[in-house]
Amino acid sequence: MDARITKTRLGNLISYDWLKMLACAAAAVVAICIIFTSIRTMPADTQIFTVYAYELVSGTRTATLEDDLSEALSYDILDTSAETITASATGSMFSGMYAGAMYSTRLTNPARTVMFVSHLNDPESLGYDAVHMLVGVNHRYEDKHGFLEMDVYLADCRTYLARFFGEDLSAALDEAAAEAAFHARNDGDNRFRSEEARAAGVEEEKERLRTLREDYLYVMQAFEEELLSYSTITIAKEDADEESYVEAGTYNCGVALGALGNLKDLYYYEEENEETGEVRQSASEISLILFNTDLLSDRSNDLRYETVSFLAYLVREYRL
């Protein structure tokens, strides 16, 4: 039997069976995509760091923020994102309706992490409204607000670091404790299936902890130098709402960033001089809040302290 492949036979095959060949090739591509998608590591909510900016204008460095986060945060943060949220109409007849629901929709995202807002001391501002919405939102729990109190959060971070560096944070890293922390969090992760990968991962964990200690001490020094301070929101009696569990009072809701003179390169708002009418860019009333989600309020979650590294990044990059 003559089974030689000739130019004529190959031409006939392609002429009559090209559609079958194309379908087989497409099926193979789809199969490969499915296989690689199924075996690659999908980030857990704890491994996602999401930054929102509420009613602020993007600066010259906003476009690179996601890439900068990848450098500033630890190896175990696998996905970073940044998004500007608006609560005001943008032109279409439906924009006001859409914008009004946009913020509420983002609040259902379990991986939400931090949000830049402005003018928390002004009850007429949109930033005030955004944080006012978070007061009492978790009323069933001990930490009942939708934001974490930053002084408590930073104290928790110190307690966490003391497990690895001693009470005064000056001892050498407890490498056995660091390795145990790595295995407790990452055993079963596809990234660390081989012995070699696990050994490399343990070293990355040690580096994560050393960097977190350095970032924590840097942030606390920034508070001493008044580059950072705590932000509060004051709810007057007329703004309280018993049905929504919003009680009158003053709440520690975030970190004031206004002393970082170059922050407007990241986000800013515009303000007009009443006398001259001149409009200028400013970031002096911008604060950062940390959302109080199930994951970020969980003190057993090692990655809840990534915001400390984010604060250290902000101070290093945007101080004058």
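Our subject is the structure listed above.
Residues numbered from 1 in each chain as written. Predicted model: local features only at pLDDT ≥ 70, side-chain atom pairs only at ≥ 80, totals over all residues. Heavy atoms only, no water.

A few words now on the pairing of strand S1 (residues 48-54). Within S1, seven of the seven residues are buried, which leaves the element mostly enclosed by the surrounding structure. Neither face of S1 is left uncovered, since the one carrying Ile48, Thr50, Tyr52 and Tyr54 and the one carrying Phe49, Val51 and Ala53 both have all their residues buried. Inspection of the sheet shows S1 paired to strand S3 (residues 79-85) by seven bridges, in the parallel sense. Residue pairing across strands places Thr50 opposite Ser81, the latter belonging to S3. Bridge analysis of S1 against strand S4 (residues 112-118) gives four bridges, and the strand direction is parallel. By the bridge assignment for S4, Ala53 is matched with Phe116. (Buried < 20%, exposed > 50% of the residue type's maximum accessible area, 1.4 Å probe, protein only. Helix = DSSP H or I, 4+ residues; strand = E, 2+ residues; numbered from the N terminus. Pairing = 2+ DSSP bridges.)

Here the focus is the layout of surface pockets. As a volume, the largest pocket reaches approximately 370 Å³. Taken together, 18 residues line the largest pocket, and the ones lying closest to its centre are Arg112, Asn138, Asn292, Thr293 and Asp294. Grouping the constituent residues of the lining of the largest pocket by class yields six nonpolar, eight polar and four charged. (1 Å grid on protein atoms, 1.4 Å probe; cavity = no way out; pocket = protein on both sides within 12 Å on 5 of 7 lines; lining within 4 Å. Points joined across faces, edges and corners; volume = space filled by probe spheres on them. Nonpolar A, V, L, I, M, F, W, Y, C, P; charged D, E, K, R; others polar.)

Overall, mixed pairing links the six strands, which are arranged S3-S1-S4-S9-S6-S5 in an open sheet. Among the strands making up the open sheet, the edge pair consists of S3 and strand S5 (229-235). Pairwise comparison of adjacent strand axes, ignoring direction, gives a mean angle of 35° for this sheet. By the bridge criterion, two bridges tie strand S6 (residues 249-256) to strand S9 (residues 286-290) in an arrangement that is antiparallel. Its bridge partner lying in S9, Ala256 is registered against Ser287. (Axes fitted to C-alpha atoms, helices over the stretch in contact; angles between N-to-C directions.)

It is worth spelling out the environment of Phe182 at this point. By secondary structure assignment, the location of Phe182 is in helix H6 (residues 175-186). Considered as a pair, Phe182 and Glu203 are 21 residues apart in the sequence and their alpha carbons are 9.4 Å apart. In this structure, Phe182 is in contact with Tyr75, Asp187, Phe192, Arg198, Gly201, Val202 and Glu205, ignoring residues within four places of it in sequence. (Contact = heavy atoms within 4.5 Å.)

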